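# Close look at the chain arrangement
What follows is the residue order along each chain.
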Amino acid sequence: AQSVTQLGSHVSVSEGALVLLRCNYSSSVPPYLFWYVQYPNQGLQLLLKYTSAATLVKGINGFEAEFKKSETSFHLTKPSAHMSDAAEYFCAVSAGAAGNKLTFGGGTRVLVKP
Amino acid sequence: GAVVSQHPSRVICKSGTSVKIECRSLDFQATTMFWYRQFPKKSLMLMATSNEGSKATYEQGVEKDKFLINHASLTLSTLTVTSAHPEDSSFYICSAIQRLETQYFGPGTRLLVL
């Protein structure tokens, strides 16, 4: 079984500041990990994914995440926040090669202050 | 590539009627599609997994007779909410698998039952 915990349901950052969204997971098998972004009244857009290759994963819009097995974490970062980064972010885990059902975290809403 | 569409984007219906939501993979063939439900300010809840040419697999607690899923082709899955009631009002999102590990999401359908 898999589970995901996103620390902080809301994060407020200033434009130009570092964005850090925390995600911890548990999985009984080697996991695949994903970050998705959701803008209001829209579906989810894939930001990046980890599928057992490089542990530092680069995604779209300047985001990246690092898989740390020892910490069971997959935190999402962006060096400099932009106003357009204001959205809801979801971390998700699947059972890797053993299955493709996603389990989502509770989501983190990012507010970017000018 | 990997575009998923949903139709309609929003629908209002009277209590007791049925509503059909379509999910299409526009530029790839999807052997598996998923249906999610999202409550306001909440994460996504997986309702069912839809495989082309076979019966859908429902998650625990989801009424299969109320939420009918048909995956008639490699590019189309439909969700029919039968005898809808106000508590069925929600945001319904589908996703489709292109490669083994990555789900691509549709833009969602907002259902309001009066």
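Structural notes, computed from the coordinates. Not measured: the values here are computed from a predicted model. Starting from 1, residues in each chain are numbered consecutively following that chain's sequence as written. Both sets of labels track the order of writing: A upward for chains, 1 upward for ligands. Only residues with pLDDT of at least 70 get local features here, since the model is predicted, and only at 80 or more are side-chain atom pairs given and counted; chain-wide, interface and lining totals rely on the full set of residues. Excluding hydrogens and water, the side-chain values take into account all heavy atoms of the structure.

### A look at the sheet that holds strand 1 (residues 2–7) of chain A
Residue and element names in this part refer to chain A. What counts is decided by this rule: When DSSP locates at least two bridges between a pair of strands, those strands are taken to pair. Segments assigned H or I by DSSP are reported as helices when at least four residues long, segments assigned E as strands when at least two residues long, and all are numbered from the N terminus. Lines fitted to C-alpha atoms define the axes here, with helix axes fitted over just the stretch in contact, and angles between the N-to-C directions of these axes take values from 0 to 180 degrees.
Read from one edge to the other, the open sheet built from five strands follows the order 1-3-8-7-6, with strand pairing classed as antiparallel. Whereas interior strands pair on both sides, the edge strands pair on one side only; in this sheet they are strand 1 and strand 6 (56–58). Put simply, the sheet's adjacent strands are angled 20° from each other on average, direction ignored. Here strand 7 (residues 64–68) runs beside strand 8 (residues 73–78); their pairing, made up of five bridges, is antiparallel. Residue pairing in the sheet places Glu64 in a bridge with Thr77 of strand 8.

### Some points on the side chain of Lys78 of chain A
Residues and elements named next belong to chain A. Operational definition: A 1.4 Å probe rolled over the protein chains alone gives each residue an accessible area, and that area as a share of the maximum for its type sets the label: buried under 20%, exposed over 50%, partly exposed in between. Here a polar contact is taken to be a pair of N or O atoms separated by no more than 3.5 Å, where protein atoms must pair a possible hydrogen donor with a possible acceptor and residues adjacent in sequence count only if both atoms sit in side chains. Any pair of residues with heavy atoms lying within 4.5 Å of one another is described as a contacting pair.
Position of Lys78 relative to the elements: it lies in strand 8. Judged by relative accessible area, which is 10%, Lys78 ranks as buried. At 3.0 Å, the side chain of Lys78 and the backbone oxygen of Asn61 are in polar contact. Here Lys78 is in contact with Ala17, Leu18, Val19, Asn61, Gly62, Phe63 and Asp85, once residues within four sequence places are set aside.

### Focus: the interface of chain A and chain B
Threshold: Summed over both partners, the accessible surface that disappears when two parts come together, traced with a 1.4 Å probe, is what is meant by buried area. Any carboxyl oxygen of Asp or Glu within 4 Å of a side-chain nitrogen of Lys or Arg constitutes a salt bridge here.
Counting residues at the interface gives 18 residues for chain A, matched by 21 residues for chain B. Carbon and sulfur atoms make up 54% of the area that chain A and chain B hide from each other, which totals about 1,600 Å². Between the two partners, chain A and chain B, sit one salt bridge. The partner of Lys101 of chain A in a salt bridge is Glu59 of chain B, and the shortest N-O contact between them spans 2.8 Å.

### Regarding the side chain of Ser43 of chain B
Summarising the element assignment, Ser43 of chain B is placed in the loop between strand 4 (32–38) and strand 5 (44–51). For Ser43 of chain B, a relative accessible area of 17% gives the class buried. One polar contact links the side chain of Ser43 of chain B to the main-chain carbonyl oxygen of Gly105 of chain A, over a distance of 2.6 Å. Here Ser43 of chain B is in contact with Phe90, Phe104, Gly105 and Gly106 of chain A together with Arg37 and Gln38 of chain B, once residues within four sequence places are set aside.

### Description of the sheet that holds strand 8 (residues 76–81) of chain B
Residues and elements named next belong to chain B. Pairing is antiparallel across the open sheet formed by four strands, whose spatial order is 1-3-8-7. Unpaired on one side and paired on the other, strand 1 (4–7) and strand 7 (67–73) mark the two borders of the sheet. In this sheet, adjacent strand axes meet at a mean angle of 15° when their direction is disregarded. In terms of strand pairing, strand 1 meets strand 3 (residues 19–25) through four bridges, oriented antiparallel. Along strand 3, the bridge assignment pairs Gln6 with Cys23.

Honestly, that's just the spatial picture; any functional story needs more than this.
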